[in-house]
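Examination of the molecular architecture
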Amino acid sequence: MKILVTAGPTREYLDPVRFLSNRSSGKMGYAIAGEAQRRGHTVHLISGPVSLVAPAHVACSHICSARDMLDAVMAHLAWADVLVMCAAVADWRPRRVASQKLKKTDMQAELALERTADILEAVKCKRRSNQLIIGFAAETHDILKYAKKKLVHKGLDLIVANDISRKDAGFGVDTNAVTLLDKKGGQWELPLQSKNNAARSILDWVTRYFDQTSQLR
Ligand code: C5P
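Residues numbered from 1 in each chain as written. Predicted model: local features only at pLDDT ≥ 70, side-chain atom pairs only at ≥ 80, totals over all residues. Heavy atoms only, no water.

**Topic: the layout of surface pockets**
This is how the line gets drawn: Buriedness for pockets is judged along seven lines, at least five of which must meet protein on both sides within 12 Å for an open set on the 1 Å grid over protein atoms alone, while cavities are sets there where a 1.4 Å probe fits but cannot get out, and lining residues have an atom within 4 Å of a point. Grid points are joined across faces, edges and corners, and a volume is the space filled by probe spheres set on the points. Working definition: helices are DSSP H or I runs of at least four residues, strands are E runs of at least two. Numbering for both runs from the N terminus. Classification convention: Asp, Glu, Lys, Arg as charged; Ala, Val, Leu, Ile, Met, Phe, Trp, Tyr, Cys, Pro as nonpolar; all other residues, Gly among them, as polar.
What the largest pocket holds in volume is close to 790 Å³. Lining the largest pocket are 37 residues, with Ala87, Ala88, Val89, Phe136 and Ala138 sitting closest to its centre. Elements with a contribution of two residues or more to the lining of the largest pocket: α1 (27-38), α3 (119-126), β9 (132-139) and β10 (158-163). Ranked by residue count, the leading element in the lining of the largest pocket is β9, at 4 residues. Tallied by class, the residues present in the lining of the largest pocket amount to 18 nonpolar, 12 polar and 7 charged. Put simply, the second largest pocket is a space of about 330 Å³. Looking at the second largest pocket, it is lined by 14 residues, and the ones nearest its centre are Arg96, Leu102, Gln108, Leu111 and Ala112. Tallied by class, the residues present in the lining of the second largest pocket amount to 9 nonpolar, 1 polar and 4 charged.

Shown next, in the form of structure tokens:
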């Protein structure tokens with residue numbers, strides 16, 4: 001299969017030295033890309049700024065902002081059988097970007113923001129029905145409720161719900177505790193495990209999905 005994976009945060013600059021971002025380390029997305037490559041799939045990784053090295057034999061596009069990530073995903077979407085949208089894309093960016101460093105005396109206490117494009121919303125309009133689209137939901141509370149909403153609203157086949165209120169799961173650490181929710185109502189709560197093992201479980205679900213749909217044909 002051809003698998004497109006996004007990982008890491010995006011950065012939304014307000015001047016050449018300052019930006020808005022989030023705590024995503026990219027570890028979960030890189031684990032998925034590495035595991036998919038080891039299973040013999042062709043993988044393209046679209047990565048925000050992280051301090052990780054791309055897994056061997058994985059093509060990687062390094063991007064910075066949410067707009068760059070949207071462009072890169074759209075450029076590779078038709079190629080992919082599976083999109084795993086693991087990146088923590090910024091939802092807001094500064095309305096104005098200064099080309100020179102802003103002096104603190106020139107800055108306002110309030111920062112004017114505008115929404116970034118929702119990449120999965122854009123994917124929803126362009127996807128083929130035989131492509132598998134997987135999203136992530138990083139939440140601190142009412143995790144399954146919000147994840148189910150996103151699964152439907154973003155037109156996903158699977159959502160990976162992530163409890164980021166735990167110290168041993170989610171952003172930055174090597175372990176994760178996720179629940180997989182699919183569009184048919186299937187729900188699998190996975191134990192706390194390494195991100196590599198969580199990646200294996202997600203890719204097992206992908207393999208099962210394609211096995212079942214090919215049996216139906
Ligand atoms: O809406 P929320 O950001 O919580 O949804 C998370 C999912 O949506 C993730 O799969 C993330 O990669 C994706 N996303 C996106 N475009 C955005 C923000 C998030 O595709 N602007």
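Alright, that's what it looks like, and here's the rest.
**Focus: the packing of aromatic side chains**
We apply this condition: Only Phe, Tyr and Trp rings are paired, with Trp represented by its six-membered ring, and only when their centres lie within 6.5 Å; those with planes under 30 degrees apart are stacked, over 60 edge-to-face, the remainder tilted. Here's how the labels work: a residue is buried when its accessible area is under 20% of the maximum for its type, exposed when over 50%, partly exposed in between, all with a 1.4 Å probe on protein chains only. Charge over a ring is defined by NZ of Lys or CZ of Arg lying within 6 Å of the ring centre and within 35 degrees of the ring normal.
All told, the structure shown has 3 aromatic pairs when counted by the stated rule. For the ring pair Trp205 and Tyr209, a centre distance of 5.4 Å and an interplane angle of 25° mean the geometry is stacked. Here the residue Trp205 and the residue Tyr209 both occupy positions in helix α5 (residues 195-216), the gap between them amounting to 4 residues, near one helical turn. Considering the side-chain rings of Tyr209 and Phe210, the 5.6 Å spacing of their centres and the 90° angle between planes classify their relative orientation as edge-to-face. The buried category is assigned to Tyr209, whose relative accessible area is 17%. Each residue in the set Trp205, Tyr209 and Phe210 is aromatic and connected to the rest through ring pairs, giving one cluster. The lysine or arginine in question, Lys145, covers the ring of Tyr146, its NZ or CZ lying 5.2 Å from the ring centre.

**Let's talk about the sheet that holds strand β12 (residues 178-182)**
Stated precisely, the cut-off is as follows: Any two strands between which DSSP finds at least two bridges are classified as paired. Axis definition: a line fitted to C-alpha atoms, limited for helices to the stretch in contact. Angles are taken between N-to-C directions and run from 0 to 180 degrees.
Here 8 strands make up an open sheet; going across it, the order is β5-β4-β1-β6-β9-β10-β12-β13 and the pairing mixed. Two strands in the sheet have a free side with no partner beyond their single neighbour: β5 (59-62) and β13 (187-189). Geometrically, the sheet is characterised by an average inter-axis angle of 15° between neighbouring strands, direction not taken into account. Bridge analysis of β9 against β10 gives 6 bridges, and the strand direction is parallel. Among the inter-strand pairings, Phe136 is bridged to a residue of β10, identified as Val160.

**Focus: the pattern of salt bridges**
Test applied: Should a side-chain nitrogen of Lys or Arg be within 4 Å of a carboxyl oxygen of Asp or Glu, the pair is scored as a salt bridge.
With the rule as written, the count across this model stands at 13 salt bridges. Of the charged contacts, one joins Arg38 and Glu35 as a salt bridge, the two residues approaching to 3.5 Å between their closest N and O atoms. Of this pair, Arg38 and Glu35 both sit in helix α1, separated by 3 residues, roughly a single helical turn. Relative accessible area serves as the criterion here: at 54%, Arg38 is assigned to the exposed category. Glu35 gets classed as buried once you look at its relative accessible area, which sits at 7%. Across the pair Glu35 and Arg200 runs a salt bridge, and its minimum N-O distance is 3.5 Å. Of this pair, Glu35 sits in helix α1 while Arg200 sits in helix α5; the two residues are 165 residues apart in sequence, bridging distant segments of the chain.

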